[in-house]
Amino acid sequence: MIEPSDRLEELIFSKQENTREQLIITPILNWKGQVKKGSASVDLRLGCSFRIPKKSRLTDFNPLDADYDRKRPGLQDELYIGIGDYLVLHPRQFVLGNTLEYIHLPSDLAAYVIGRSSWGREGLVIATATGVHPGYSGVLTLELTNLGEIPLKLYPGITIAQLFIHRVNAPHKGGGDHSFFLGSTRPESGKPISDEDIFKIRKFNESET
Amino acid sequence: MEEVLSQTIDYARERCHALSKEIENLEQKIYPTASPKTLLLFIKEGNEIIRSNLDKIKKDTELYETLTSEELEQKVKRFCKFLPYLCNLLEYIEGSEVQNTPAALIRPLKRLVRHYLLNSEIIFRSYSQLNYSFAPLTERLRKVFSGEIFKSLLEGLPEFFAVVSFPKVESNYVLLHCMVGHEIGHGLYQEKNLGEVLIPLVTIDKSALDQIAKVIIETESQGQDVSGKQQLSETELGESLRVKELLTKLINKVIGNWVEELAADAFGICIFGPAYFFAFINFVSAIQLLRSSSYTHPSPSIRMKLMWHLLKSDQKDSADSLSFERIFEDKTKDFVQQWVKVASKEGPPLHPIYDIVEKSITPIIICHICSKVIEGMNGSEYTIQKYQKNISTLCDLIKNLIPPNEMVDFKQKKTTSSDVVSILNAGWEVYLSFMDEFSKNFEVVYKDNKIECDKKLNELLLKAIELSEIKTRWDEIKND
C-alpha cells in the first residue's frame, strides 16, 4: 500500500517513542512544493556530492577480482558542488550523485525512488536500483546518465527524483537494513556480489562432478 | 647597460606572464566560498599593476636618456620585488579547493566567524602540516603594498582577511576541526587588542630572574662563583644589568606569546563550548607532551587548566547557575576528570625561562584572561543553556544514525535547523559517551572496527552541518 502525501506529513510529525521507528526525510526545504497535496510521493532534490568515473588503465571491472575493493576508489573522482553551482552531464556520461535529503525508514515502511518524468523527457536517467528497505538510513545514491543528445546542467538543490513510500505488511521488528550502504552521506559504490557468492561462482566449474 | 635593463624588464614580464597563467588555472577550480577568489583577485590585480608599469618603462624611451642605469634599475626593481611576494600568496589558495577541504563545513565556519568578526573573509585551507594555524593577511598586505602604486589594490581589501590552515590528513574528521576555534581566537585577540590589557597584568618574579642572570654571568666568567660575593665590581654590575635586560625582554616576549595563546584557547571555548576542549585533548595529546612549553606556546597542561576553569565556572546569566562540568554525561565526566587530573600533576622541571613565565601566569592571571575574553564576546558565547536544551535530542538522533541537522517540534509540526556548534558538541558527547550504541548500527558490516565507526560518525556530522547550512541559507533567501 502506497502512503498518500497527507499521511506522509502525519507520519513525519507524529512522535514515536523510539527514534528508530520514526520516518525521517531531512531537510524538506519546501513542504508545499515537495509533498504535493493529492499526490503519493515526496519530491527529492539533487545533493551536492558526486562520484565521477575517470579514465584508467584498468582493462576490466571484475567483481570476482580479489583486489576489487582496493582498485575501486581510484576509479572515481569525488566532487562537491555547492548549491548555486552546477555539474554538466554530457551525452552518454555516467556519474553517481545522491539525494540532498537524508532518509530514515522505520521497520514498517519501505520505499521506491524513481526519476521525475520531466527530467526523463530530457534524456536523464536518474535511478536504476530503486528499492529502499525498512530500517534504511542514509542519502539515496542516484545513478545519473544523460541519454539525450545535448549536455545537461545539473544544479544541486533541484527536485530530481520522487520517493514512493509503501507500508510493509509484516514488519521485522528489531531488524532492518544492515547493508554496506547504511548511513551513507554521499554517493557510494557497492560490492555487487556477496563474498559467499564470489566463492561459489569461482569454484563452480572446479567442483563439476 | 640599456640592453641589460631591457632584458631585465622582459624577464620580469615573463615572470608576470607565468604568474597570470597560474592565476588562470586556479580561477578554474571550485572553492567552497568566495574568499579564495578574493585573494586570487588581489594577486591578479597586483600582478597586472606590475606588468603594466613594466610595459610603461619599456616603452618610455625618454627614461633611458634622463635616468642613469642604476636609477633605471632601481625603478624596475621597485615593481619586480613584489612578484615573489604575490607568488607566495598563492600558497594560501592551494588547498582551499573543494576537493582538499571538507567543503560542506567551510561555509558554516565562515558564517560562524562572521558572527564574531563582521565582514571578515577567511580562507580555510588544508596543508601538509599536522597543525592548525592562523595567518592574518590584511595588515600584512597593507604594509607590504603600502606605496602609491598599489593604492587601488588595497582599496578592495577586506577589513579582516585571514587564512586558517588545518591538516590535510585530518580533512574529513570534522570533530577535530573545533580546533579552528583557537585560530579564530587569534583573530579576535588581535582585533580587540586584548594584549594591551592583559600583558601588563603579568608580573615577572624578579628574584627568579636575578637567579638566572647570576647563573649566566657565572658561566660567562668561566666558572667563577659570583653568587657568594657581597658586592659586584662595576664591570660585573654592568654585565649583570645587561643580562637582566636581555632576559626581561625575552621573558616579556614569551609572556606576550603565551597570553595570546591562552586567550585564543579561551575564545575557542567561548565559540565552540566543550567541543573545543575535547578536540584539543584529542589532537594535542597525540603529538605533544603535556608539560612541554615552547617560545610560542605554553604547555598543554596550562592550556587545559585555563579551559577547565572556563568550563567549570558557573555562567552568570544562568538561572540555575549551571556549569558545563555538571551537565556532561557520566562517561564524559569521567573522561574530563581523568585529563584534568593528569594536567594538574607536577611535571619534570622546565627550562628556567619557561619556568619563570609559567609561574607568572598565576591562577589570577588565568581568571583575568577568561573574564576579558568573555567580555570581548559581548554575550555571544556558546551557552550552557543552549547545550542543555539541544544536546540530548541531537545525541539521540546521532545514536540512531540520523544526522542532527534539525530539531522537530512535533506539536507545531515545525523544524528548526541546528547550529554547527551544537552539532559538534553533540558529536563529541556521542564520541565520548555513546560510541558503543552508535557502533551497533554497523555491527554487521564493520564489527568492532573503531576506525570505521569513527569515520562514519564524522561523516554523519559533516552531513548534518551541510544540511543545516543549506536549510538556513534557503530560508534566508525566502525571507529576503
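Residues numbered from 1 in each chain as written. Chains lettered and ligands numbered in written order. Predicted model: local features only at pLDDT ≥ 70, side-chain atom pairs only at ≥ 80, totals over all residues. Heavy atoms only, no water.

Engineer: Sorry if this is basic, but what is going on with the environment of B:Lys463 here?
Structural biologist: Summarising the element assignment, B:Lys463 is placed in helix H22 (residues 450–479). Looking at B:Lys463, the relative accessible area reads 3%, which means it is buried. (Helix = DSSP H or I, 4+ residues; strand = E, 2+ residues; numbered from the N terminus. Buried < 20%, exposed > 50% of the residue type's maximum accessible area, 1.4 Å probe, protein only.)

Engineer: Can you walk me through helix H4 (residues 69–80) of chain B in this structure?
Structural biologist: Because the α-helix completes a turn every 3.6 residues, residues three or four places apart line up on one side. Residue and element names in this part refer to chain B. Here H4 is 12 residues long and its end C-alpha atoms lie 16 Å apart, about the 16 Å a rise of 1.5 Å per residue gives. Every buried residue belonging to H4 is among Leu-72, Val-76, Phe-79 and Cys-80, and all of these are buried. The buried residues of H4 occupy one face: seen down the axis, they fall within an arc of 100 degrees. Of the residues in H4, the exposed ones pointing more than 90 degrees away from the buried face are Glu-70 and Gln-74. (Expected span 1.5 Å × (residues − 1). Arc of directions from axis to C-beta.)

Engineer: How should I be thinking about the sheet that holds strand S9 (residues 131–132) of chain A in this particular structure?
Structural biologist: Two pairing modes exist for strands in a sheet, parallel and antiparallel, and in both the strands are linked by backbone hydrogen bonds. Residue and element names in this part refer to chain A. Here four strands make up an open sheet; going across it, the order is S2-S12-S7-S9 and the pairing antiparallel. Edge positions in the sheet fall to strand S2 (41–45) and S9, since each of these pairs with one other strand and no more. In the sheet, strand S7 (residues 109–115) pairs with strand S12 (residues 159–167) via seven bridges, with the strands oriented antiparallel. Paired with Tyr-112 across the bridge in S12 is Phe-164. (Pairing = 2+ DSSP bridges.)

Engineer: Mind showing me how you'd approach the pattern of salt bridges here?
Structural biologist: Residue and element names in this part refer to chain B. Applying the stated rule across the entire model yields 35 salt bridges over all chains. Among the salt bridges present, the one from Lys-44 reaches Glu-27, with a minimum N-O distance of 3.0 Å. Taken together, the residues span a long stretch of sequence, with Lys-44 in helix H2 (residues 35–59) and Glu-27 in helix H1 (residues 2–27) at a distance of 17 residues. On the basis of relative accessible area, Glu-27 is assigned to the partly exposed category, the value being 26%. For Arg-291, the salt bridge goes to Glu-358, with nearest N and O atoms at 3.3 Å. One end of the pair, Arg-291, is in the loop between helix H13 (274–287) and helix H14 (300–312); the other, Glu-358, is in helix H17 (residues 352–360), and 67 residues separate them in sequence. Among the residues examined, Glu-358 registers a relative accessible area of 15% and is labelled buried. Each of Asp-10, Arg-13, Glu-48, Arg-51, Asp-55 and Lys-58 takes part in salt bridges that share partners, so that together they form one network. (Salt bridge = Lys/Arg side-chain N within 4 Å of Asp/Glu carboxyl O.)

Engineer: Where do I start with the packing of H14(B) against helix H18 (residues 363–376) of chain B in this structure?
Structural biologist: Helix-helix packing is characterised by the crossing angle of the two axes and by the distance between the axes. All names here are of chain B. Two elements in contact, H14 and H18, have axes separated by 10 Å at closest approach and are oriented at 55 degrees. Considering the angle they form, H14 stands oblique to H18. In this structure, H14 meets H18 at a crossing whose hand is right-handed. Residues Ile-302, Leu-306, His-309 and Leu-310 of H14 form the contact with H18, whose own contacting residues are Ile-366, Cys-367, Ile-369, Cys-370 and Ile-374. Across the contact of H14 with H18, the residue classes break down as eight nonpolar, one polar and no charged. (Axes fitted to C-alpha atoms, helices over the stretch in contact; angles between N-to-C directions. Parallel < 35°, antiparallel > 145°, perpendicular 65-115°, else oblique. Left-handed = near helix turned anticlockwise from the far one by under 90°. Contact = heavy atoms within 4.5 Å. Nonpolar A, V, L, I, M, F, W, Y, C, P; charged D, E, K, R; others polar.)

Engineer: Is there a simple way to explain the packing of aromatic side chains in this structure?
Structural biologist: For any pair of aromatic rings, the description rests on two quantities: the centre-to-centre distance and the angle between the ring planes. Taken as a whole and judged by the stated rule, the model has 23 aromatic pairs over all chains. Each ring, one from A:Phe13 and one from A:Trp31, has its centre 5.3 Å from the other, and the planes form 35 degrees; the classification is tilted. Note that A:Phe13 is positioned in helix H1 (residues 5–13) and A:Trp31 in helix H2 (residues 31–34), a separation of 18 residues in sequence. Relative accessible area serves as the criterion here: at 25%, A:Trp31 is assigned to the partly exposed category. Ring plane angle 25 degrees and centroid distance 6.5 Å describe the contact between B:Phe134 and B:Phe160, whose orientation is recorded as stacked. Linking B:Phe134 in strand S2 (residues 133–136) with B:Phe160 in strand S3 (residues 160–167), this pair joins segments that are 26 residues apart in sequence. When sorted by exposure, B:Phe134 lands in the same class as B:Phe160, which is buried. Chaining the aromatic ring pairs together yields one cluster made of B:Phe277, B:Phe278, B:Trp308, B:Phe324, B:Phe328, B:Phe335, B:Trp339, B:Tyr382, B:Tyr387, B:Trp428 and B:Tyr431. Residue placement shows A:Lys153 over the ring face of A:Tyr86; its charged tip is 4.4 Å from the ring centre. Across from the ring centre of B:Phe434, 4.0 Å away, lies the NZ or CZ of B:Lys399, which sits over that ring. (Phe/Tyr/Trp six-rings, centres within 6.5 Å; stacked < 30°, edge-to-face > 60°. Lys NZ or Arg CZ within 6 Å of the ring centre and 35° of its normal.)

Engineer: Please clarify how the interface of chain B and chain A should be interpreted in this entry.
Structural biologist: Size of an interface: often given as the accessible area lost when the parts come together. With 34 residues of chain B at the contact, the number on the chain A side is 36 residues. Counting each side, the surface lost to burial between chain B and chain A is near 3,000 Å², with a carbon and sulfur contribution of 61%. For the pair chain B and chain A, the number of links is one salt bridge. Across the salt bridge formed by B:Glu459 and A:Arg186, the nearest N and O atoms sit 3.1 Å from each other. Linking chain B to chain A there are 10 residue pairs in polar contact (both at pLDDT 80 or more). (Buried area = accessible area lost by both parts, 1.4 Å probe. Polar contact = N/O pair within 3.5 Å; in protein donor to acceptor, adjacent residues only side chain to side chain.)

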